[in-house]
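Structural features, examined
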Amino acid sequence: MSDNIHYEVQLAVASVGMGIRLMILYDLFRIIRMVIPHTVFWTGIEDFLYWIYCGFTTFNLLYQQNDGSLRAYVIAGVFLGMVSYQYLISQRMIKGLKKGQEYLRIKMKKHGQDSKQVKG
């Protein structure tokens, strides 16, 4: 394989990896939002800052790896990584965390009622 093609494949793989990392970061925001409820205003601010970060990170990848030349396949790779992670991992993980959160909420509620019955 020529050096040029090898480089292009590396850049495509790096862009997919970046998309996955960006979605992992967004999942961290989701988890924080599950633990600490947010108003619509703060959720909007967080999302706005997240997408600014995504833009700068993608630009940085293009700048460092490709001298700033825009390559459609890099943008498509980031998008593919984000969508793949969202549908293959994130949805299942968040669903599991929500079930776990609901389970803990029920246990805490039940424990609170048991302690009231013992005291009363």
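Residues numbered from 1 in each chain as written. Predicted model: local features only at pLDDT ≥ 70, side-chain atom pairs only at ≥ 80, totals over all residues. Heavy atoms only, no water.

**Quick notes on the pattern of salt bridges**
This is how the line gets drawn: Definition used for salt bridges: Asp or Glu carboxyl oxygen within 4 Å of a side-chain nitrogen of Lys or Arg. Helix and strand definitions here come from DSSP, where helices need a minimum of 4 consecutive H or I residues and strands a minimum of 2 consecutive E residues; each element is numbered from the N-terminal end. The buried label applies to any residue whose accessible area, calculated with a 1.4 Å probe on protein chains only, is under 20% of its type's maximum; exposed applies above 50%, and partly exposed to all values in between.
Taken as a whole, this structure holds three salt bridges when the rule is applied. With a shortest N-O distance of 2.9 Å, Arg33 and Glu46 are connected by a salt bridge. Taken together, the positions of Arg33 in helix α1 (residues 3-35) and Glu46 in helix α2 (residues 40-66) put the pair 13 residues apart, joining distant regions of the chain. Across the pair, Glu46 and Arg33 agree in class, each one buried.

**Structural notes on the nonpolar core**
Quick note on the threshold: Here the nonpolar core consists of buried residues drawn from Ala, Val, Leu, Ile, Met, Phe, Trp, Tyr and Cys, with membership extended through side-chain atoms lying within 4.5 Å. For this analysis, residues touch if any pair of their heavy atoms sits within 4.5 Å.
By size, the foremost hydrophobic cluster in this structure holds 13 residues, and its most contacted members are Leu22, Tyr50 and Met82. Counting only elements with at least two residues in this core, the list comes to α1, α2 and α3 (72-119). For this core, the leading source of residues is α1, giving five residues. When neighbours within four sequence positions are excluded, Met82 is seen to be in contact with Gly19, Ile20, Leu22, Met23, Tyr50, Trp51 and Cys54.

**Considerations on a nonpolar patch on the surface**
Just so we agree on the cut-off: The residues that make up patches have over 30% relative accessible area and no salt bridge, and they are joined within 9 Å when like-charged or within 5 Å when they are Val, Leu, Ile, Met, Phe, Trp or Tyr. Here, Shrake-Rupley sampling with a 1.4 Å probe gives the accessible areas, and only protein chains in the shown set may cover a residue.
A cluster of nonpolar residues, Phe41, Trp42, Ile45, Phe48, Leu49, Ile52 and Phe56, forms a patch on the protein surface that exposes about 780 Å² of accessible area. Given the relative accessible area of 54%, Phe48 is considered exposed.

**A word on the environment of Glu46**
Stated formally: Whenever a nitrogen or oxygen atom comes within 3.5 Å of another N or O atom, the pair is scored as a polar contact, on the condition that within protein one atom can donate a hydrogen and the other can accept it, and that pairs from neighbouring residues in sequence are kept only if both atoms are in side chains.
The exposure class of Glu46 is buried, given its relative accessible area of 17%. With 32 residues separating them along the chain, Glu46 and Val78 place their C-alpha atoms 20 Å apart. In this view, Glu46 contacts Phe29, Arg33 and His38; residues no more than four positions away in its chain are not counted. In this structure the side chain of Glu46 is engaged in a polar contact, spanning 2.8 Å, whose partner is the side chain of His38.

**Some words on the packing of α1 against α2**
Stated precisely, the cut-off is as follows: Here an axis means a line fitted to C-alpha atoms, over the contact stretch when the element is a helix, while the angle between two N-to-C directions is reported on a 0 to 180 degree scale. These descriptions rest on fixed angle ranges, namely under 35 degrees for roughly parallel, over 145 for roughly antiparallel, 65 to 115 for roughly perpendicular, and the rest for oblique. Less than a right angle of anticlockwise turn of the near helix away from the far helix marks a crossing as left-handed, whereas a clockwise turn marks it as right-handed. Ten residue types, Ala, Val, Leu, Ile, Met, Phe, Trp, Tyr, Cys and Pro, are classed as nonpolar, four, Asp, Glu, Lys and Arg, as charged, and the remainder, Gly among them, as polar.
Where α1 meets α2, the axes come as close as 11 Å, and the angle between the chain directions of the two elements is 165°. Classified by the interaxial angle, the pair formed by α1 and α2 is roughly antiparallel. Crossing angle aside, the handedness with which α1 passes α2 is right-handed. Packed against α1, whose contacting residues are Tyr7, Leu11, Ala14, Ser15, Met18, Leu22, Met23, Leu25, Tyr26, Phe29 and Arg33, the element α2 presents Thr43, Glu46, Asp47, Tyr50, Tyr53, Cys54, Thr57, Thr58, Leu61, Gln65 and Asn66 at the interface. Tallied by class, residues from the contact of α1 with α2 come to 13 nonpolar, six polar and three charged.

**Looking at the packing of aromatic side chains**
To keep things clear, this is the line we draw: A pair of Phe, Tyr and Trp rings is counted when the ring centres sit within 6.5 Å of each other, with Trp represented by its six-membered ring. The angle between the planes then sorts it: under 30 degrees is stacked, over 60 is edge-to-face, the rest tilted.
Counted according to the given criterion, the structure contains six aromatic pairs. Seen in terms of ring centroids, Phe29 and Tyr50 are 6.2 Å apart; in terms of plane orientation they differ by 85°. Their pairing is edge-to-face. Taken together, the residues Phe29 in helix α1 and Tyr50 in helix α2 connect sequence positions 21 residues apart. For Tyr50, a relative accessible area of 2% translates into the label buried. Between Phe59 and Tyr63, the ring centres sit 6.0 Å apart and the planes meet at 20°, which makes this aromatic pair stacked. Of this pair, Phe59 and Tyr63 both sit in helix α2, separated by four residues, roughly a single helical turn. A relative accessible area of 47% means that Phe59 is categorised as partly exposed. A network of ring pairs unites the aromatic residues Tyr26, Phe29, Tyr50 and Trp51 as a single cluster.

So, to be careful, I would describe these as geometric facts and stop short of saying anything about function.
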